[in-house]
Amino acid sequence: MTTHRARRAARSTGLVAVAAAAAFALTACQSGGEDAAGPADKVAGSAFRSTGDAGALSGAQAGSGKAPAGVRTQALAAYRTTAPAAAAKAASPVRTQTLADGSTAKIYELGAQHYRAEIVHNGQVLATLETGEHDAGLDANDMFVVLTLGGQVHSWMGGGHTGPGTFELVGGWTAKVTKIGDLRYRAQIIGNEGAVYGTLEANQHDAGLDANGVYIVLSAGGVISAHE
């Protein structure tokens, strides 16, 4: 128990340090001022607020297991993002990366802390993620992907919880997921001693976050998953 508390406290401290550097940029891009999080979140966690810029992809519900490749491809194609890809197509990717389900991410650098990742299978672009002033996330049929402001991609399979509800995440974090509208969910990321350190909001689009080495995705369907 002592080791677990120490680990949570250390992560919380690191997260607060990172938060201070990112606070103004991420707070500025929060959509819908009238829907802002409560006072506790404004004090402790505004730095990690994220609205997400991934396409409106909300994959299979948690607990369904990994879908066969054919089913996965069909689901992704049906929800392909419509974000303009002209800037990415005009340049070569800075690198490619194999994702957890065997598909490929092509990562393009569009500017300072501005990256796009195209998820490709059999030569077909199935989805895109793009950072703006915050990380981006995607629930692609129970494969979760985070694209960070630094252009790093992290993916994993499963582990999702379907909200509303309160769920324990890896790294000692807790997520309180609430439904605030149609295809709109909010997750408060709670750390040591019940303090709210950040808010992740999916408003018709999935949202993602790199919380100091713990990657979190919240889908527009209310599914949340985290991975280290």
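Residues numbered from 1 in each chain as written. Predicted model: local features only at pLDDT ≥ 70, side-chain atom pairs only at ≥ 80, totals over all residues. Heavy atoms only, no water.

Caption draft 1: Region of the structure containing the overall build of the protein. Across its full length, the protein carries four helices and 15 strands. Within the protein, buried positions represent 49% of all 228 residues. For the protein, the proportion of contacts with a sequence separation of at least 24, taken over those separated by at least 6, is 52%. In the structure as shown, the protein presents an accessible area of about 10,000 Å², 54% of it carried by carbon and sulfur atoms. (Helix = DSSP H or I, 4+ residues; strand = E, 2+ residues; numbered from the N terminus. Buried < 20%, exposed > 50% of the residue type's maximum accessible area, 1.4 Å probe, protein only. Contact = heavy atoms within 4.5 Å. Areas by Shrake-Rupley, 256 points an atom, 1.4 Å probe, with all protein chains shown as cover.)

Caption draft 2: The sheet that holds strand S5 (residues 136–140), seen in detail. Spatial ordering of the open sheet is given by S5-S6-S7, a layout of three strands whose pairing is antiparallel. The open sheet has two edge strands, S5 and strand S7 (153–157), and neither has a second partner. This sheet shows a mean twist of 15 degrees between the axes of neighbouring strands, independent of strand direction. Summarising the sheet, strand S6 (residues 143–147) and S7 pair through five bridges and their orientation is antiparallel. (Pairing = 2+ DSSP bridges. Axes fitted to C-alpha atoms, helices over the stretch in contact; angles between N-to-C directions.)

Caption draft 3: Seen up close, the environment of Ile216. Considering the arrangement of structural elements, one finds Ile216 in strand S14 (residues 214–218). C-alpha separation for the pair Ile216 and Ala226, spaced 10 residues apart in sequence, amounts to 4.3 Å. If we ignore the near neighbours within four places in the chain, the residues touching Ile216 are Val146, Trp156, Leu169, Ile189, Leu200, Ala207, Gly208, Leu209, Ala211, Ile224, Ser225 and Ala226.

Caption draft 4: Summary view of the pairing of S5. With five of its five residues buried, S5 lies for the most part within the structure. Relative to S6, S5 runs antiparallel, the two being bridged by five bridges. Bridged to Leu138 within S6 is Val145. What sits between the antiparallel neighbours S5 and S6 is a turn of two residues, in which Asn141 has the positive phi angle 60 degrees.

Caption draft 5: Layout of the environment of Leu110. Within the fold, Leu110 resides in strand S2 (residues 104–111). Using a relative accessible area of 28% as the deciding quantity, one classes Leu110 as partly exposed. Taking C-alpha positions, Leu110 is 9.0 Å from Ala91, a pair spaced 19 residues apart along the chain.

Interpretation note: all reported values are geometric properties and have no functional meaning in isolation.
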